[in-house]
Amino acid sequence: MFVPVVQYRMIRTLVGVLGAISALVPDEIVSLYEKLAIANPNEGTVRGWVRPVIRSEGVLIVAISLLHGRAYAWLMNLTGVFGAIVFLFPDLYRRFATAFLYERPESIEWNERFSSAVRAIGALYVFLAAKTYRERHNDT
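Residues numbered from 1 in each chain as written. Predicted model: local features only at pLDDT ≥ 70, side-chain atom pairs only at ≥ 80, totals over all residues. Heavy atoms only, no water.

Student: What exactly am I supposed to notice about the confidence of the model for the chain here?
Tutor: Parts of the model with low pLDDT should not have their predicted coordinates read in detail. Averaged over all residues, the pLDDT of the chain is 88; the fraction at 70 or higher stands at 93%. Within the chain, no element has a lower average pLDDT than helix 1 (residues 2–24), which sits at 78, and none a higher one than helix 3 (residues 50–67), at 93. (pLDDT = per-residue confidence, 0-100. Helix = DSSP H or I, 4+ residues; strand = E, 2+ residues; numbered from the N terminus.)

Student: Is there a simple way to explain helix 2 (residues 26–37) in this structure?
Tutor: The α-helix winds at 3.6 residues per turn, so residues separated by three or four positions along the chain end up facing the same way. Taking 1.5 Å as the rise per residue, helix 2 with 12 residues should run 16 Å; its terminal C-alpha atoms sit 16 Å apart, in good agreement. Within the span of helix 2, buried status applies to P26, V30, E34 and A37. Seen end-on, helix 2 carries its buried residues on one side only, within an arc spanning 85 degrees. Exposed residues on helix 2 whose side chains face more than 90 degrees from its buried face are K35 and L36. (Expected span 1.5 Å × (residues − 1). Buried < 20%, exposed > 50% of the residue type's maximum accessible area, 1.4 Å probe, protein only. Arc of directions from axis to C-beta.)

Student: Quick question: what am I supposed to make of the environment of N138 here?
Tutor: By secondary structure assignment, the location of N138 is in helix 6 (residues 114–138). Separated by 27 residues in the primary sequence, N138 and N111 have C-alpha atoms spaced 41 Å apart.

Student: Is there a simple way to think about the nonpolar core in this case?
Tutor: For soluble globular proteins, the rule of thumb is that nonpolar side chains tend to be buried together. I38, Y93, W110 and F114 are the most contacted members of the largest nonpolar core, which has 14 residues in total. Beyond its immediate chain neighbours, meaning those up to four positions away, F114 contacts Y33, L36, A37 and Y93. Ranked by size, the runner-up nonpolar core spans 8 residues in total, among them I61, Y72, L75 and M76. (Core = buried A, V, L, I, M, F, W, Y, C linked by side-chain atoms within 4.5 Å. Contact = heavy atoms within 4.5 Å.)

Student: Got a minute to help me understand the pattern of salt bridges in this structure?
Tutor: Pairing is possible between side chains of opposite charge, provided their charged atoms come close. Summed over all chains, the structure comprises 2 salt bridges. Between R51 and D27 there is a salt bridge, and its shortest N-O distance comes to 2.8 Å. Of this pair, R51 sits in helix 3 while D27 sits in helix 2, and the two are 24 residues apart along the sequence. For R51, a relative accessible area of 29% translates into the label partly exposed. A relative accessible area of 41% places D27 in the partly exposed class. With a closest N to O distance of 3.4 Å, D91 and R94 form a salt bridge. On the criterion of helical spacing, the pair formed by D91 and R94 is a turn pair, its members being 3 residues apart in helix 5 (residues 90–101). Residue D91 is classed as partly exposed on the basis of its relative accessible area of 39%. On the accessibility criterion, R94 (11% relative accessible area) is buried. (Salt bridge = Lys/Arg side-chain N within 4 Å of Asp/Glu carboxyl O.)

What follows is the structure, given as structure tokens:
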């Protein structure tokens, strides 16, 4: 049972590190996302609350990753549900993200190849959530 515990901790550490990066450099996270996802990144203006929310989310993810337990289980379950939705409905994700994150959503043009990336990210989220779930339940 040593290997699953190590893998579980590795995933938890990875999630925590990603949360720390989000907390420390939210502007760079938004810039990278726009470079990869948006065909015309200079046309849209991200809503003012987005960067502080990214920072807060990062801090919360770090705290949950450090505490693990039930809160971490819920975080990973939520990640898996989000991943499944994104994987199955990438166009719905793009429409929602555009309306939710940008002041003038009609000005945003998505990179067409980003749909494949969205599906891959969704699949990765589902995989990590399922792996964490399985490892958590194999320990009991």
